[in-house]
Amino acid sequence: MSKPRKPKGRPVSGWLILDKPLDFGSTEAVSKIKWLFKAQKAGHAGTLDPLASGMLPIALGDATKTVPYVMDGRKIYEFTVAWGEERSTDDLEGQVVKSSDTRPTEEAIRALLPQYTGVISQVPPQFSAIKIDGERAYDLARDGETVDIPAREVEVFRLSLLGCTPNLAHFEIECGKGTYVRSLARDFGRALGCFGHIASLRRSFVAPFGEEQMVPLASLVALEKIEDDQERLAALDAFLIDTGEALSNLPHIAISDDQAHRLRMGNPIILRGRDAPLAEPEAYATARGKLVAIGEIGEGEFRPKRVFNTD
């Protein structure tokens, strides 16, 4: 019987909050970061199109187990809509499919925004990662097919007009999971009778990570000039955020080293005392500030669902 292959790379874990540059795909960015850090595993929480810049949270190692919690977080974008053209991709990359000489007034734009705030129904773009009969919509669209993508509900918590000119309008939005800003640009243009598409898009926030935590790709690439592997990797690791920070919106318990050992073996631990937490469907446990497990609190116990081996 052959021995299981040893994973390639370092067992490094944590979150890197990348400031993704323009013309750089999310998958390409993850591959670059994985290579720079020589990490065994890497993944991202929320795709950014190549023509979009800004926050792309990238998980390394055990942090990949926490990706769903970041995917579900609120997001903030700044975006500019160009009026007069609707495009096949709803951004600058696509072909013009409809055009108009009409331009909206600032008053008309402001009057429209309440209709796109709260829980709204939205049809994703033709060029999107939505799966249709097992295939990505963008693959079908590139083959020239027009696909029927069903509308779905998304939540917009805040939508503001930051400024405008006759041909452009600049917005900021805070929204929930699954919101397509490109669809908003398309729908704004149709509702205003002038057509529209995204001219620029930047993401500045993915809960729970803030703009101040973003690291430009150039700052990481600059470290390639350090010839000593150990020194270079240490300099890169200094940019990582602890895995547990991805879970800061969940209830938290601090536990002892002995309890941590039990959880890592897959066993529940008993929570005693007057300060024992109430029942929670999901919470996370740390020992000495390091993430140990995500689990459920109930009947005086913490029951692990996912365990982490970070020291």
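Residues numbered from 1 in each chain as written. Predicted model: local features only at pLDDT ≥ 70, side-chain atom pairs only at ≥ 80, totals over all residues. Heavy atoms only, no water.

**Focus: the overall build of the chain**
Summing up its helical and strand segments, the chain has eight helices and 18 strands in all. Each principal axis of the C-alpha atoms in the chain carries an extent, and together these give about 70 × 55 × 40 Å. Scored against the burial criterion, the 311 residues of the chain give a buried share of 45%. Excluding contacts between residues fewer than 6 apart, the proportion of contacts in the chain whose partners are at least 24 apart in sequence is 70%. In the form shown here, the chain has an accessible surface area of approximately 16,300 Å², with 49% of it arising from carbon and sulfur atoms. Between the mean site of the 39 positive side-chain charges and the mean site of the 45 negative ones, the chain shows a separation of 6 Å. (Helix = DSSP H or I, 4+ residues; strand = E, 2+ residues; numbered from the N terminus. Buried < 20%, exposed > 50% of the residue type's maximum accessible area, 1.4 Å probe, protein only. Contact = heavy atoms within 4.5 Å. Areas by Shrake-Rupley, 256 points an atom, 1.4 Å probe, with all protein chains shown as cover. Lys, Arg positive; Asp, Glu negative; His and termini not counted. Charge placed at Lys NZ, Arg CZ, Asp CG, Glu CD.)

**Comments concerning the sheet that holds strand E18 (residues 301-307)**
Spatially, E14-E16-E17-E18-E15 is the arrangement adopted by the five strands of the open sheet, whose pairing is mixed. Two strands lie at the open edges of the sheet, namely strand E14 (252-254) and strand E15 (269-270), each paired on one side alone. Bridge count for E15 against E18 is two bridges, and the pairing is antiparallel. Among the inter-strand pairings, isoleucine 270 is bridged to a residue of E18, identified as glutamate 301. Where helix H8 (residues 257-264) meets the sheet, it contacts E15, strand E16 (280-287), strand E17 (290-298) and E18, and its direction lies at approximately 75 degrees from that of E17. (Pairing = 2+ DSSP bridges. Axes fitted to C-alpha atoms, helices over the stretch in contact; angles between N-to-C directions.)

**Looking at the packing of aromatic side chains**
This structure, assessed with the given rule, holds four aromatic pairs. Look at tryptophan 15 and phenylalanine 209: their rings are 5.5 Å apart centre to centre, the planes differ by 45 degrees, and that puts the pair in the tilted class. On the criterion of sequence distance, the pair formed by tryptophan 15 in strand E1 (residues 14-20) and phenylalanine 209 in the loop between strand E12 (196-206) and strand E13 (215-216) is long-range, its members being 194 residues apart. For the pair tryptophan 15 and phenylalanine 209, a shared accessibility class is recorded, and that class is buried. Ring geometry for tyrosine 116 versus phenylalanine 188: centroids 5.0 Å apart, planes at 75 degrees, classification edge-to-face. With tyrosine 116 in the loop between helix H3 (106-112) and strand E7 (118-122) and phenylalanine 188 in helix H5 (residues 181-191), this pair connects stretches of sequence that are 72 residues apart. Across the ring face of phenylalanine 308, the terminal group of lysine 65 is positioned such that the distance to the ring centre comes to 5.2 Å. Above the face of the phenylalanine 157 ring, arginine 74 is positioned so that its terminal group lies 3.4 Å from the ring centre. (Phe/Tyr/Trp six-rings, centres within 6.5 Å; stacked < 30°, edge-to-face > 60°. Lys NZ or Arg CZ within 6 Å of the ring centre and 35° of its normal.)

**A word on the UniProt feature "domain: tRNA pseudouridylate synthase B C-terminal" (unreviewed entry) in the chain**
Feature annotation in UniProt places "domain: tRNA pseudouridylate synthase B C-terminal" (unreviewed entry) on residues 182-247, given in this structure's numbering. Across residues 182-247, the secondary structure splits into 36% helix and 20% strand, with the terminal C-alpha atoms separated by 29 Å. (UniProt positions renumbered as here; feature names shortened; annotations may be inferred.)

**Overview of the state of the cysteines**
Evaluated as defined, the whole model comprises zero disulfides. The structure places no disulfide on cysteine 164, whose sulfur is separated from the nearest cysteine sulfur, that of cysteine 194, by 12 Å. (Disulfide = S-S within 2.5 Å.)

**Side note on helix H1 (residues 26-37)**
The first and last C-alpha atoms of H1 sit 17 Å apart over twelve residues, in line with the 16 Å expected at 1.5 Å per residue. For H1, every residue scored as buried is listed here: Ser26, Ala29, Val30, Ile33, Leu36 and Phe37. Projected down its long axis, H1 shows its buried positions confined to an angular sector of 130 degrees, all on one face. For H1, the exposed residues lying more than 90 degrees away from the buried face are Thr27 and Trp35. Turning to H1, the residues buried within the fold contact E1, strand E2 (42-44), strand E3 (52-60), helix H6 (217-221) and helix H7 (229-237). (Expected span 1.5 Å × (residues − 1). Arc of directions from axis to C-beta.)

**Remarks on the environment of methionine 71**
Tracing the chain through its elements places methionine 71 in helix H2 (residues 67-71). Residues methionine 71 and phenylalanine 37, spaced 34 residues apart in sequence, show a C-alpha to C-alpha distance of 22 Å. If near-sequence neighbours (up to four positions away) are discounted, methionine 71 is found in contact with His44, Ala45, Gly46 and Lys177.

**Thoughts on unusual backbone geometry**
Following alanine 207, the chain continues to proline 208 via a peptide bond in cis, the omega torsion being 10 degrees. By secondary structure assignment, the location of proline 208 is in the loop between E12 and E13. Backbone geometry at lysine 38 places phi at a positive 50 degrees, although glycine is not the residue there. Turning to its location among the elements, lysine 38 is positioned in the loop between H1 and E2.

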